[in-house]
Amino acid sequence: MSAKINVDMLQRGLKTRCLGRHVFFSGKVDSTNNWAKELASFGAGEGLVTVAETQSAGRGRLDREWISPAGGLWFSAILKPNLKPHEAVKLVFVAGLAVAEVFSEFYGLRVETKWPNDILVNRRKVCGLLAEMNTVGDTVNYVVIGIGVNANFDVKKALPEELWKNATSLQSELGRKVQLETLFRALLEKLEKVYELFMKEGFRPVLEEWKKYAFFLGRQVEVTIQRENVSGLALDVDQNGALVLKLENGRTKQVFVGDIRERTR
Ligand code: BT5
């Protein structure tokens, strides 16, 4: 199987109404999210997707670095939902559910979701999501959903050592390479389905399904919130997309932005 992405194959037989009808491809960009945002700012419509074989400045949340070697699937989709910003932030769960379902249906992997934006296999991150919104007042102009899949590379060869403990790839889990173009189409088709469900029926059915993969619920976790660590029982993810923690003093706390780890002691 070729390590390269075959551009011609990306849209072949793609069964979507809107997502991926226009695809921009590059061998290397700084970040597919930046690229999609730039195109959106010039008027690109809903469904346009940017894809790159490698990213020189792939980004995670809070401007953290996302390492994006060849063999991965790095892409971003422009969405233009008619939603208020507090509703549009939930799109990261829409994307997370789509990725979880594709990985489990296509590859039979035991997938887990980690609040708010990670997809794990064997407790290691195989995919990260980055949703970025552009608003004017209370109106959402567009949302760019970035999806980064560690697909066809060996983690120990392609990622820096400090990530080995917490990162994995489809190749490392499956013991074989996957077809990137087929994976790309499957992800777009599923993303469109879940997005339509969300727009028609709201967040509840999406969240219910997402939670079925959420390994951390009911466990003791530690959450870093702006450099501060808070411990508690992960009770729920609520209708706002917030993590609900039961603290040691018995109170509950809603967390909107943070990083969770399972507590081992
Ligand atoms: C994320 O952020 O997980 C969001 C990643 C989104 C990447 C996609 S690729 C296409 C699109 N274009 C972009 O520029 N971004 C999106 P966060 O939860 O903040 O996690 C970032 C952390 O994950 C880093 O600080 C590292 O510790 C770790 N990390 C970096 N590269 C990784 C990789 N390839 N696999 C697993 N972990 C990684």
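Structure first, text after, so check above.
Residues numbered from 1 in each chain as written. Predicted model: local features only at pLDDT ≥ 70, side-chain atom pairs only at ≥ 80, totals over all residues. Heavy atoms only, no water.

### A look at the nonpolar core
So, point 1. Judged by nonpolar contacts, the single largest core of 70 residues is most densely connected at L73, F103, V149, L170, L183 and F216.
So, point 2. The element that contributes the greatest number of residues to this core is helix α4 (residues 91-107), accounting for 12 residues.
So, point 3. Not counting the four nearest positions on each side in its chain, V149 is found in contact with G72, L73, W74, F103, V126, C127, L170, L183 and L187.
So, point 4. Core analysis: the second largest hydrophobic core is formed by 11 residues, A36, L48, I78 and V144 among them. (Core = buried A, V, L, I, M, F, W, Y, C linked by side-chain atoms within 4.5 Å. Buried < 20%, exposed > 50% of the residue type's maximum accessible area, 1.4 Å probe, protein only. Helix = DSSP H or I, 4+ residues; strand = E, 2+ residues; numbered from the N terminus. Contact = heavy atoms within 4.5 Å.)

### So, the sheet that holds strand β4 (residues 111-114)
So, point 1. The mixed open sheet is built from seven strands, whose spatial order is β1-β2-β3-β7-β6-β5-β4. Looking at which strands have only one partner, the edges of the open sheet turn out to be β1 (23-29) and β4. Between one strand axis and the next, the sheet turns by 20 degrees as a mean value, whatever way the strands run.
So, point 2. Of the strand pairs in this sheet, strand β5 (residues 118-121) and strand β6 (residues 124-136) are connected by four bridges, and their pairing is antiparallel. Bridge pairing in β6 links V121 to R124.
So, point 3. On the sheet, helix α7 (residues 180-201) packs against β1, β2 (49-55), β3 (73-79) and β7 (139-149) and is oriented at approximately 30 degrees with respect to β3. (Pairing = 2+ DSSP bridges. Axes fitted to C-alpha atoms, helices over the stretch in contact; angles between N-to-C directions.)

### Notes on the site of the ligand
So, point 1. Lining the immediate surroundings of the ligand are 27 residues, of which S31, R59, R64, K125 and N150 lie closest.
So, point 2. Between K125 and the ligand, the recorded distance is 2.7 Å, taken from a side-chain N or O atom to an oxygen atom.
So, point 3. Between N150 and the ligand, the recorded distance is 2.8 Å, taken from a side-chain N or O atom to a nitrogen atom.
So, point 4. For the ligand, whose accessible area on its own is 800 Å², the fraction buried by protein is 90%.
So, point 5. Going through the elements one at a time, α2 (32-41), β3, β6 and β7 are the ones with two or more residues in the shell around the ligand.
So, point 6. No other element matches the four residues that β6 contributes to the shell around the ligand.
So, point 7. For the shell around the ligand, the residue count by class is nine nonpolar, 12 polar and six charged. (Near = heavy atom within 4 Å. Polar contact = N/O pair within 3.5 Å; in protein donor to acceptor, adjacent residues only side chain to side chain. Areas by Shrake-Rupley, 256 points an atom, 1.4 Å probe, with all protein chains shown as cover. Nonpolar A, V, L, I, M, F, W, Y, C, P; charged D, E, K, R; others polar.)

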